[in-house]
Amino acid sequence: MRIGKQDAPFTAICTSDAQSITVRGRDLCDDVIGKMDFTSYFWLLVTGSEPTEVQKLFANAVLAAIAEHGLVPSVVAARMTYAAAPEAFHGAVASGLLGCGSVVLGSAEVAGRFYADLVAKVRSGEGTPAEIASEGVRTLRATRQAIPGFGHPQHSAGDPRALLLLKMAEEHGIVGEHIGMLYALRDCLPETLGRPLPINVNGAIPAVMLDVGFPVGALKGISLLARTASLIGHLHEEIDRPIGFIMSGAAAAAIDYDGPESTASSEG
């Protein structure tokens, strides 16, 4: 039974023969190993082209910005999984990545697609950036959805990572349509939402990366790649300084049972 599209049996990423391995048209041993840094190789693998110096600068910056932020849910899940299954280091890493979704870690992708959709409306002549931004916010609020890329439970005065990335974008002259839309959204929030919200790192990352030419479809990969490095660090620490079961115990102690009483305990 045929399922899905099956008329293009090709890949442009990698091939090999008895003497060589070719990745995106480069000989792995002659052109990549020892000659290309990993961030550039990541960009090449995703896009098929080596990054410019500016593209590499911002790819490095956003990977560093999103890799680590303490005992966030992905890290807690990984460390608790490793505590329960120390033979499965890879499983613990995977458990940390599986929760990459629309609320935590994967929100940069959600924000990026939102900004890209709004920019497309501006390009098609449906309105100015300010008009399209206001319409986008009102549409989200009508269905009680959050504004992607805005607000932070801790950095209420402004996410320092986002502020730095946007400052770098200004300094390097890469502010384009997507950062412009990010700013239009920020500026319309007091009127459309009733209060201002700070831009968070998951708003700055996609706006910056889209403006330097990274594909929107691979935005989640940035968070996944960066957080993988952090998870490996946390799990290596978990080996010698385990806190997985401490977190598990703290969770059990913090939550009270409010279900029905046991029928056995109520019998005389």
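See the structure above.
Residues numbered from 1 in each chain as written. Predicted model: local features only at pLDDT ≥ 70, side-chain atom pairs only at ≥ 80, totals over all residues. Heavy atoms only, no water.

### Concerning the overall build of the chain
- Each helix and strand counted, the chain has 13 helices and three strands in total.
- C-alpha atoms of the chain, sized along the principal axes, occupy 75 × 60 × 50 Å.
- Here the chain holds 268 residues, and 41% of them are scored as buried.
- The contacts of the chain with a sequence gap of at least 6 include a subset with a gap of at least 24, amounting to 71%.
- Within the structure as shown, the chain displays about 15,100 Å² of accessible surface, and the carbon and sulfur contribution to it stands at 58%.
- A gap of 4 Å separates the mean positions of the 20 positive and 29 negative side-chain charges of the chain. (Helix = DSSP H or I, 4+ residues; strand = E, 2+ residues; numbered from the N terminus. Buried < 20%, exposed > 50% of the residue type's maximum accessible area, 1.4 Å probe, protein only. Contact = heavy atoms within 4.5 Å. Areas by Shrake-Rupley, 256 points an atom, 1.4 Å probe, with all protein chains shown as cover. Lys, Arg positive; Asp, Glu negative; His and termini not counted. Charge placed at Lys NZ, Arg CZ, Asp CG, Glu CD.)

### What about the layout of surface pockets?
- Looking at the largest pocket, its volume works out to about 830 Å³.
- Lining the largest pocket are 31 residues, with Val103, Ser107, Gly151, Asn200 and Asn202 positioned closest to its centre.
- Here the element with the most residues in the lining of the largest pocket is helix α6 (residues 107–123); it accounts for three residues.
- When grouped by side-chain class, the residues that make up the lining of the largest pocket number 17 nonpolar, ten polar and four charged. (1 Å grid on protein atoms, 1.4 Å probe; cavity = no way out; pocket = protein on both sides within 12 Å on 5 of 7 lines; lining within 4 Å. Points joined across faces, edges and corners; volume = space filled by probe spheres on them. Nonpolar A, V, L, I, M, F, W, Y, C, P; charged D, E, K, R; others polar.)

### Thoughts on the packing of helix α4 (residues 73–84) against helix α5 (residues 89–98)
- Two numbers describe how α4 lies on α5: the axes approach to 7 Å, and their chain directions differ by 155 degrees. In this view, α4 runs roughly antiparallel relative to α5, as classed from their interaxial angle. The two elements α4 and α5 cross, and the hand of that crossing is right-handed. Contact residues: Ser74, Ala77, Ala78, Thr81 and Tyr82 in α4; Phe89, Gly91, Ala92, Ser95 and Gly96 in α5. (Axes fitted to C-alpha atoms, helices over the stretch in contact; angles between N-to-C directions. Parallel < 35°, antiparallel > 145°, perpendicular 65-115°, else oblique. Left-handed = near helix turned anticlockwise from the far one by under 90°.)

### Concerning the pattern of salt bridges
- Evaluation of the coordinates by the stated rule reveals eleven salt bridges.
- A salt bridge links Asp37 to Lys56, with the shortest nitrogen-to-oxygen separation between them at 3.3 Å. Taken together, the residues span a long stretch of sequence, with Asp37 in the loop between α1 (28–32) and α2 (38–47) and Lys56 in helix α3 (residues 53–67) at a distance of 19 residues.
- Between Glu238 and Arg79 there is a salt bridge, with the nearest N and O atoms lying 2.6 Å from each other. (Salt bridge = Lys/Arg side-chain N within 4 Å of Asp/Glu carboxyl O.)

### Some words on the nonpolar core
- Leu185 and Met209 are the most contacted members of the largest nonpolar core, which totals 52 residues.
- Secondary structure elements with two or more residues in this core: α2, α3, α6, α7 (129–142), α8 (160–171), α9 (177–192), α10 (201–211) and α11 (219–240).
- The next biggest cluster of nonpolar side chains, apart from the first, holds eight residues, and it includes Val75, Ala78, Tyr82 and Ala92. (Core = buried A, V, L, I, M, F, W, Y, C linked by side-chain atoms within 4.5 Å.)

### Comments concerning unusual backbone geometry
- Despite not being glycine, Arg24 shows a phi value in the positive range, around 50 degrees.
- In this fold, Arg24 is placed in the loop between β2 (21–23) and β3 (26–27).
- We note that Arg144 has phi near 60 degrees; this positive angle belongs to a residue other than glycine.
- Turning to its location among the elements, Arg144 is positioned in the loop between α7 and α8.

### Concerning the side chain of Ser95
- Structurally, Ser95 can be placed in helix α5.
- At a separation of 3.2 Å, a polar atom in the side chain of Ser95 contacts the side chain of Thr81.
- In terms of polar contacts, Ser95 uses its side chain to reach the backbone carbonyl oxygen of Ala92, at 2.7 Å. (Polar contact = N/O pair within 3.5 Å; in protein donor to acceptor, adjacent residues only side chain to side chain.)

### Overview of the packing of aromatic side chains
- Under the criterion given, the structure shown has four aromatic pairs.
- Ring centres of Phe114 and Tyr115 lie 6.1 Å apart, and the angle between their planes is 50 degrees; on these two criteria the pair is classed as tilted.
- Take Tyr115: its relative accessible area is 0%, and that puts it in the buried class.
- Through a chain of ring-to-ring contacts, three or more aromatic side chains come together here, namely Phe42, Trp43 and Phe214. (Phe/Tyr/Trp six-rings, centres within 6.5 Å; stacked < 30°, edge-to-face > 60°.)

### What to know about the sheet that holds β3
- With antiparallel pairing, three strands are arranged side by side in an open sheet as β1-β2-β3. The open sheet is flanked by β1 (14–16) and β3, the only strands paired with a single partner.
- Sheet topology places β1 next to β2; three bridges connect them, and they run antiparallel. Paired with Cys14 across the bridge in β2 is Val23. (Pairing = 2+ DSSP bridges.)

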